[in-house]
Amino acid sequence: MRLSLPCNWDLELLEATKDLPVYDFYGAMNTTPVGHARSAFIIPDVEPETVIAFIDRAHTLGREFSYVLNAPNMANLEFDPHIHRELLNYFKWLVDIEVDTVHVSNPYLMEVILEQFPQLKVNASVICGICTPDMAAAYQQMGVSSLNVGLEVNRDFAALRAIRKAVTVPLIIIPNLADLRQCPFRTYHYSMLGHTTQAKTPEKAWRSWAMDPCTMQCNEKKLSSPVELIKSCFIRPEDLFYYDNYIDIYKLSGRHQNTPWITRAATAYATRRYAGNLVDILDTVIINTNHAQQLHMEFIAQSDAEILDVDEFYVWGTINYNVSDVIMIDNQQLEGFIHHFVNERCDIRRWCSECGYCDQWVDKAVKINPELAQIYLNAIRGHRKALRTSKFAAKP
């Protein structure tokens, strides 16, 4: 078994997980020339020296390091000669500090790196949405060294088997994400996150703390319809056994989480058991714990005055309950849940409402604190309405 763990740039994380089967750590600085898929305001703001120290210590412990460059697009800035030269210099810097692999979703930048920086292995990011054998084969033919399968096949064993048959490179899956199944905002959200982390457009990061319809609609759906939590793409630690014939590396989400959280999740998936509340090891369940404290105030302070004037954009950020106080997913009550999927009874072409399988597990395994959930929902709905009615642009 090999784990790929999220990097929060804390050297203590390396020590806390040194006895686990960790293959590599992956991470990025909060803003980079390419960008990545975690908002800049929740990723630790570190100096290059911290990056170098983390990578050096990881190598000393026998771990590799992957750098995340997976913004899906750069609004065509990659074709600006001046910015393109900056990209090339950044890629060279990654080689110089001995990064092993880069996670990329922009196929053009993949080709550039493969052609000019052969020292770097290239991973096709989860953002590529690799859900079919033909797409997997196309990326392998391009020259990537590994593939992260798309979230929509996390429970699609027919697709996993077909992808495994089509390629020889290692396959990676993310088991601890609770993203919505068939989320209509996913492509937009990836693009939005990529822009907020690109160093050349910091104003997009300043705005992103408030202008996030993607997270808001996700949280509203999960809190108002708990079956969405069960339908999401997570995989229980106990169920990894069913994936071992197809998957080479289990990559855990959580680059914005603290060291105890990452260590807890890594231990659960390494030992393949967890007796507690699943939300304590799943990422993106609902709004981050103590979200207001995680915001990088230097970004917020530089946002547009009209955005700062909208009260609804502040309310959700002041709710500081632990996620586990709001939602309980009893992992032990989900024993056997995976069998429906292993037996390939979940058909992506079938409407969930006609199936109803996940609904059968909600009352058994999920409990939501109605009072705390309502506090979140009131804040979220006010936030979403302010966005829908363009309240941040109401002035002439």
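Everything that follows concerns the structure shown earlier in this document.
Below: a short report on this structure.

## Focus on the pairing of strand β4 (residues 101–104)
On β4, burial covers both faces: Thr101 and His103 on one face and Val102 and Val104 on the other are all buried. Summarising the sheet, strand β3 (residues 64–69) and β4 pair through 4 bridges and their orientation is parallel. Of the residues in β4, the one forming a bridge with serine 66 is threonine 101. In this view, the connection linking β3 to its parallel neighbour β4 by way of helix α3 (residues 81–96) has right-handed handedness. Bridging between β4 and strand β5 (residues 121–124) involves 4 bridges; their strand directions are parallel.

## Thoughts on the pattern of salt bridges
Should their charged atoms come close, side chains of opposite charge can pair. Inspection of the entire model under this criterion finds 16 salt bridges. Lysine 121 is the salt-bridge partner of glutamate 64, the closest N and O atoms lying 2.9 Å from each other. Of the two residues, glutamate 64 is situated in strand β3 and lysine 121 in strand β5; the sequence distance between them amounts to 57 residues. The class for lysine 121 is partly exposed, based on a relative accessible area of 29%. Its salt-bridge partner being glutamate 238, residue arginine 236 comes within 3.6 Å of it at the nearest N-O pair. Residue classification places arginine 236 among the buried positions, given a relative accessible area of 2%. Within this structure, Arg236, Glu238, Asp239 and Glu335 form a network of salt bridges that share partners.

## Focus on the packing of helix α5 (residues 133–142) against helix α6 (residues 157–166)
The geometry of α5 relative to α6 is characterised by a closest axis approach of 8 Å and an angle of 30 degrees between their N-to-C directions. It follows from the interaxial angle that α5 and α6 lie roughly parallel. Here α5 and α6 pass one another in a crossing that is right-handed. On α6, the residues touching Pro133, Ala136, Ala137 and Gln140 of α5 are Ala162, Ile163 and Ala166.

## Quick notes on helix α11 (residues 259–271)
Residues spaced three or four apart along an α-helix point in a common direction, a consequence of the helix completing one turn every 3.6 residues. In this model α11 runs 18 Å from its N-terminal to its C-terminal C-alpha over 13 residues, within 8% of the 18 Å that 1.5 Å per residue would give. Here α11 has its buried residues at Thr259, Trp261, Ile262, Thr263, Ala265, Ala266, Ala268, Tyr269 and Ala270. Its buried side turned inward, α11 meets β1 (3–6) and α1 (11–16). With a side-chain oxygen lying 2.9 Å from the backbone nitrogen of tryptophan 261, the N-terminal cap of α11 falls on asparagine 258.

## Digging into the side chain of lysine 222
Tracing the backbone through its elements, the reader meets lysine 222 in helix α9 (residues 213–224). For the buried lysine 222, no salt bridge exists, and the shortest N-O distance to an oppositely charged side chain is 5.5 Å, to aspartate 179. Engagement of the side chain of lysine 222 in a polar contact is seen with the backbone oxygen of alanine 178, the distance being 2.7 Å. Setting aside its immediate chain neighbours within four residues, lysine 222 contacts Ala178, Asp179, Leu180, Glu228, Leu229, Thr284, Val285 and Ile368.

## Quick notes on the layout of surface pockets
Space inside the second largest pocket adds up to approximately 220 Å³. Together, 15 residues line the second largest pocket, and Asp156, Ala158, Ala159, Cys346 and Ile348 are the ones closest to its centre. With 3 residues, the single largest contributor to the lining of the second largest pocket is α6. The residue inventory of the lining of the second largest pocket, partitioned by class, reads 8 nonpolar, 1 polar and 6 charged.

Parameters and conventions
- Residues numbered from 1 in each chain as written.
- Predicted model: local features only at pLDDT ≥ 70, side-chain atom pairs only at ≥ 80, totals over all residues.
- Heavy atoms only, no water.
- Buried < 20%, exposed > 50% of the residue type's maximum accessible area, 1.4 Å probe, protein only.
- Helix = DSSP H or I, 4+ residues; strand = E, 2+ residues; numbered from the N terminus.
- Pairing = 2+ DSSP bridges.
- Right-handed = clockwise from strand over helix to strand, strands pointing away.
- Salt bridge = Lys/Arg side-chain N within 4 Å of Asp/Glu carboxyl O.
- Axes fitted to C-alpha atoms, helices over the stretch in contact; angles between N-to-C directions.
- Parallel < 35°, antiparallel > 145°, perpendicular 65-115°, else oblique.
- Left-handed = near helix turned anticlockwise from the far one by under 90°.
- Contact = heavy atoms within 4.5 Å.
- Expected span 1.5 Å × (residues − 1).
- Polar contact = N/O pair within 3.5 Å; in protein donor to acceptor, adjacent residues only side chain to side chain.
- Lys, Arg positive; Asp, Glu negative; His and termini not counted.
- 1 Å grid on protein atoms, 1.4 Å probe; cavity = no way out; pocket = protein on both sides within 12 Å on 5 of 7 lines; lining within 4 Å.
- Points joined across faces, edges and corners; volume = space filled by probe spheres on them.
- Nonpolar A, V, L, I, M, F, W, Y, C, P; charged D, E, K, R; others polar.

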